[in-house]
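So you can see what is in the structure, the chains are spelled out below.
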Amino acid sequence: MLASREELSGFLAAVERRAFKQAVFALRDDESALDAVQDAMMKLAEKYADRPAAEFPMLFQRILQNVIRDMFRRRKVRSTWTTLLSSFNGADEDDDYDPLDTMVIDEPSELGRTPEQNLEQSEVMALIEREISRLPTRQREAFLMRYWEELDIAETAAVMGCSEGSVKTHCSRATHALAAALKLRGIKL
């Protein structure tokens, strides 16, 4: 059964924040990450809106990964042609803008935890995100798709363009690296 406009909108709304984080981990730049997510969403809506809603997660992940790779290619070409002097442009007044400031966050009181527990959780999450960003690219991609986007091994392999065994290897190495990094900081999950 083909997806309705509401199903597509619902899917895009649900995947927006996770896709942004995934793009930030890959591109290491908030503005580029926002552009990548927007491009991926537009491509999904333009080219695949007539597909069944069950296909959206895998299609979107594949599109997002391709957009991120394209952005890396463009960066490489641009860096070849730009000079060092271009980095000395004047600063705009919006340089301190953080897109995460505009995101709605659930009130901690609704979660039933104490402020200390909320602080501890936010510190652990910040540490986990920092460690995820330090993973090698393929490990990070596999880890995020499997455990954050909840794609199965076959879907992740299709999106990454590799074998299922490679996905298992990348995920295993990523989880071991994350566990070791957290253990060094005295954190047990």
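Rules used throughout
Residues numbered from 1 in each chain as written. Predicted model: local features only at pLDDT ≥ 70, side-chain atom pairs only at ≥ 80, totals over all residues. Heavy atoms only, no water. Patch = residues over 30% accessible without salt bridge, like charges linked within 9 Å, V, L, I, M, F, W, Y side chains within 5 Å. Areas by Shrake-Rupley, 256 points an atom, 1.4 Å probe, with all protein chains shown as cover. Salt bridge = Lys/Arg side-chain N within 4 Å of Asp/Glu carboxyl O. Lys, Arg positive; Asp, Glu negative; His and termini not counted. Charge placed at Lys NZ, Arg CZ, Asp CG, Glu CD. Buried < 20%, exposed > 50% of the residue type's maximum accessible area, 1.4 Å probe, protein only. 1 Å grid on protein atoms, 1.4 Å probe; cavity = no way out; pocket = protein on both sides within 12 Å on 5 of 7 lines; lining within 4 Å. Points joined across faces, edges and corners; volume = space filled by probe spheres on them. Helix = DSSP H or I, 4+ residues; strand = E, 2+ residues; numbered from the N terminus. Nonpolar A, V, L, I, M, F, W, Y, C, P; charged D, E, K, R; others polar. Contact = heavy atoms within 4.5 Å. Phe/Tyr/Trp six-rings, centres within 6.5 Å; stacked < 30°, edge-to-face > 60°. Lys NZ or Arg CZ within 6 Å of the ring centre and 35° of its normal.

With respect to a negative patch on the surface
Alright, step 1. Taken together, D29, E31, D35 and D39 make up a surface patch of like negative charges.
Alright, step 2. Judged by its relative accessible area of 59%, E31 falls in the exposed class.

Considerations on empty space enclosed by the protein
Alright, step 1. Considering all chains together, one arrives at 1 cavity of 30 Å³ or more under this definition.
Alright, step 2. Its volume calculated, the largest cavity comes out at about 30 Å³.
Alright, step 3. Lining the largest cavity, in full, are Q22, A26, Q65, R140, E141 and L144.
Alright, step 4. The set of elements that each furnish at least two residues to the lining of the largest cavity consists of α1 (5–27) and α5 (137–148).
Alright, step 5. Counting residues per element, the lining of the largest cavity draws most heavily on α5, at 3 residues.
Alright, step 6. The residue inventory of the lining of the largest cavity, partitioned by class, reads 2 nonpolar, 2 polar and 2 charged.

Some points on the pattern of salt bridges
Alright, step 1. Overall, the coordinates contain 8 salt bridges when judged by the stated rule.
Alright, step 2. Notably, a salt bridge pairs E141 with R69, separated by 3.5 Å at the nearest N-O pair. Of this pair, E141 sits in helix α5 while R69 is found in helix α3 (residues 56–81), placing the two residues 72 residues apart along the sequence.
Alright, step 3. Look at E141 and you get buried, because its relative accessible area is 9%.
Alright, step 4. Among the residues examined, R69 registers a relative accessible area of 22% and is labelled partly exposed.
Alright, step 5. The closest approach of N and O atoms between D70 and R73, which form a salt bridge, is 2.7 Å. Of this pair, D70 and R73 both sit in helix α3, 3 residues apart, which is roughly one turn of the helix.
Alright, step 6. Assessed through its relative accessible area of 27%, D70 is described here as partly exposed.
Alright, step 7. Through salt bridges with shared partners, a single ionic network connects R69, R138 and E141.

Quick notes on the environment of R185
Alright, step 1. As for its placement among the helices and strands, R185 is situated in the segment after α7 (164–184).
Alright, step 2. For R185, a relative accessible area of 42% gives the class partly exposed.
Alright, step 3. Each C-alpha atom of the pair R185 and L127 lies 9.4 Å from the other, and the pair is 58 residues apart in sequence.
Alright, step 4. When residues no more than four places from it in sequence are discounted, the contact partners of R185 are L127, E131 and R134.

With respect to unusual backbone geometry
Alright, step 1. Its identity is not glycine, yet R28 carries a phi of approximately 60°, on the positive side.
Alright, step 2. Residue position: R28 is located in the loop between α1 and α2 (30–48).
Alright, step 3. The class of R28 is exposed, set by a relative accessible area of 54%.
Alright, step 4. A positive phi angle is found at E150, which is not glycine, with a value near 60°.
Alright, step 5. Since its relative accessible area comes to 68%, E150 is described here as exposed.

Some thoughts on the environment of C171
Alright, step 1. By secondary structure assignment, the location of C171 is in helix α7.
Alright, step 2. Sequence separation of C171 and Y147 is 24 residues, and the distance between their C-alpha atoms is 8.9 Å.
Alright, step 3. Excluding residues that lie within four positions of it along the chain, C171 makes contacts with A142, F143, R146 and Y147.

Digging into the packing of aromatic side chains
Alright, step 1. Tallied over the entire structure, the rule returns 4 aromatic pairs.
Alright, step 2. Both rings, one in F11 and one in F60, keep their centres 5.9 Å apart while their planes meet at 80°; by these two values the pair is edge-to-face. Separated by 49 residues along the polypeptide, F11 in helix α1 and F60 in helix α3 bring together distant segments of the chain.
Alright, step 3. Exposure remark for F11: the relative accessible area of 16% places this residue in the buried category.
Alright, step 4. Seen from the ring of Y147, R146 lies directly overhead, with NZ or CZ sitting 5.6 Å from the centre.

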